[in-house]
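Observations on chain architecture
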Amino acid sequence: MGKIIAIATQKGGVGKTTTAVNLSASLGAKRKKTLLIDLDPQGNSTSGVGINKREVETSSYDVLLGSTAPEEVILKTEFDHLHILPCNIQLAGAEIELVDMPDRVNALKKAIVHLKEFYDYIFIDCPPSLGLITLNALTACDTLLIPIQCEYYALEGLSQLMATVRQVKKMYNPTIEIEGVVLTMYDGRLNLTAQVMNEVKKYYGEKVFRTTIPRNVRLSEAPSHGKPAYYYDRSSSGTKAYVDLAAELMKRNR
């Protein structure tokens, strides 16, 4: 039985999609059957694995609104053991359409929970907001993985995210847990990085992954080639960090 992990934070530009794409690809490279669900209307996870989002006809939008089964939408990528449930621009209107649906918070869960039989890991790349789409992801997932940028404003909004998680746990998903916190854009030479790390560890303790993700040009370049970093430049520090993160995640879930 697989595990559904939502990757979420309401702060943009912290490496959320970079983590979703590269962690998924790294687990696939370790022969873990992995599904990446793109629930961010920007569709960057979709293009990040080489799928042209403009050519996607059925997407996570159709699955979320219950008009199409996920099996009809899931695409095989050219990367080892990695499938994607892609996104297209239609998803941008899903928040409005979900409002009128009965049991709207459980729409995604009902659609994807059976997929755990077919995959080792299912990652959901959430939008950088705490709206209905993210709420659906938090209701559907087993655990939440939170990327935090090593910057001054890193902890801003975290309390709001955790308040939402507590609310979801109380009302919709009593078994949701924090999978872990991963520090991104890490630069060990900066005092600020150490300060942020200490602050995060104070709040999350053992939940903070030992593996940190460095600032890395190759990680930034890979999406423009439609490839995860592992298949773009296997020797880069960014690639090695995500391979280590995948190994640490597997060890935690052994």
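Residues numbered from 1 in each chain as written. Predicted model: local features only at pLDDT ≥ 70, side-chain atom pairs only at ≥ 80, totals over all residues. Heavy atoms only, no water.

Looking only at helices and strands, one finds 11 helices and seven strands in the protein chain. For the protein chain, the C-alpha radius of gyration of 17 Å lies close to 18 Å, the compact-globule estimate for 254 residues. Taken along the three principal axes of its C-alpha coordinates, the protein chain extends 50 × 40 × 35 Å. Going through the 254 residues of the protein chain one by one, you find that 55% of them count as buried. For the protein chain, long-range pairs separated by at least 24 residues make up 79% of all intrachain contacts whose partners lie at least 6 apart in sequence. Surface accessibility of the protein chain: about 11,700 Å² in total, with carbon and sulfur atoms responsible for 49%. The average position of the 30 basic charges and that of the 28 acidic charges among the side chains of the protein chain differ by 8 Å. (Helix = DSSP H or I, 4+ residues; strand = E, 2+ residues; numbered from the N terminus. Rg over C-alpha atoms; globule rule 2.2 N^0.38 Å. Buried < 20%, exposed > 50% of the residue type's maximum accessible area, 1.4 Å probe, protein only. Contact = heavy atoms within 4.5 Å. Areas by Shrake-Rupley, 256 points an atom, 1.4 Å probe, with all protein chains shown as cover. Lys, Arg positive; Asp, Glu negative; His and termini not counted. Charge placed at Lys NZ, Arg CZ, Asp CG, Glu CD.)

The next subject is helix H8 (residues 191-204). Relative to the 20 Å expected for 14 residues at 1.5 Å per residue, H8 spans 20 Å between its end C-alpha atoms, a close match to the ideal helical length. Along H8, the residues that are buried comprise Thr193, Val196, Met197, Val200 and Tyr204. With its buried residues spanning 100 degrees around the axis, H8 presents them on a single face. Of the residues in H8, the exposed ones pointing more than 90 degrees away from the buried face are Asn191, Asn198 and Lys202. Two residues or fewer past H8, Gly205 is found with a positive phi of approximately 50 degrees. (Expected span 1.5 Å × (residues − 1). Arc of directions from axis to C-beta.)

Its place among the elements puts Ile89 in the loop between strand E4 (82-85) and helix H4 (94-99). The class for Ile89 is exposed, based on a relative accessible area of 69%. Separated by 92 residues in the primary sequence, Ile89 and Val181 have C-alpha atoms spaced 29 Å apart.

Taking 1.5 Å of rise per residue, the 14 residues of helix H7 (residues 158-171) would be expected to cover 20 Å, and the 20 Å separating its terminal C-alpha atoms lies within 8% of that figure. Leu158, Leu161, Met162, Thr164, Val165 and Val168 are the residues of H7 that are buried. Looking straight down H7, one finds its buried side chains confined to an arc of 155 degrees; they lie on one side. In H7, the exposed positions angled more than 90 degrees off the buried face are occupied by Ser159, Arg166 and Lys170. Tucked into the core, H7 has its buried residues touching helix H6 (132-140), strand E6 (143-149), strand E7 (177-184) and H8.

This next bit is on the packing of helix H1 (residues 16-29) against helix H11 (residues 237-252). Two numbers describe how H1 lies on H11: the axes approach to 8 Å, and their chain directions differ by 70 degrees. Our classification of the angle between H1 and H11 gives roughly perpendicular. When H1 is examined against H11, the residues Thr18, Thr19, Asn22, Leu23, Ser26 and Leu27 are found in contact with a partner set consisting of Tyr242, Val243, Leu245, Ala246, Leu249 and Met250. Broken down by class, the residue content of the contact of H1 with H11 amounts to eight nonpolar, four polar and no charged. (Axes fitted to C-alpha atoms, helices over the stretch in contact; angles between N-to-C directions. Parallel < 35°, antiparallel > 145°, perpendicular 65-115°, else oblique. Nonpolar A, V, L, I, M, F, W, Y, C, P; charged D, E, K, R; others polar.)

Moving on to a nonpolar patch on the surface. A cluster of nonpolar residues, Tyr152, Tyr153, Leu190 and Leu192, forms a patch on the protein surface that exposes about 450 Å² of accessible area. Note on placement: Leu192 falls in helix H8. (Patch = residues over 30% accessible without salt bridge, like charges linked within 9 Å, V, L, I, M, F, W, Y side chains within 5 Å. Salt bridge = Lys/Arg side-chain N within 4 Å of Asp/Glu carboxyl O.)

Spatial strand order, E3-E4-E2-E5-E1-E6-E7: seven strands in an open sheet with mixed pairing. Edge positions in the sheet fall to strand E3 (75-76) and E7, since each has one partner strand and no second. Relative to E4, E3 runs antiparallel, the two sharing two bridges. Within the sheet, the bridge partner assigned to Leu75 lies in E4 and is Ile84. Sheet strands in contact with H11 are strand E1 (3-7), strand E5 (121-125) and E7, and its direction is about 160 degrees off that of E7. (Pairing = 2+ DSSP bridges.)

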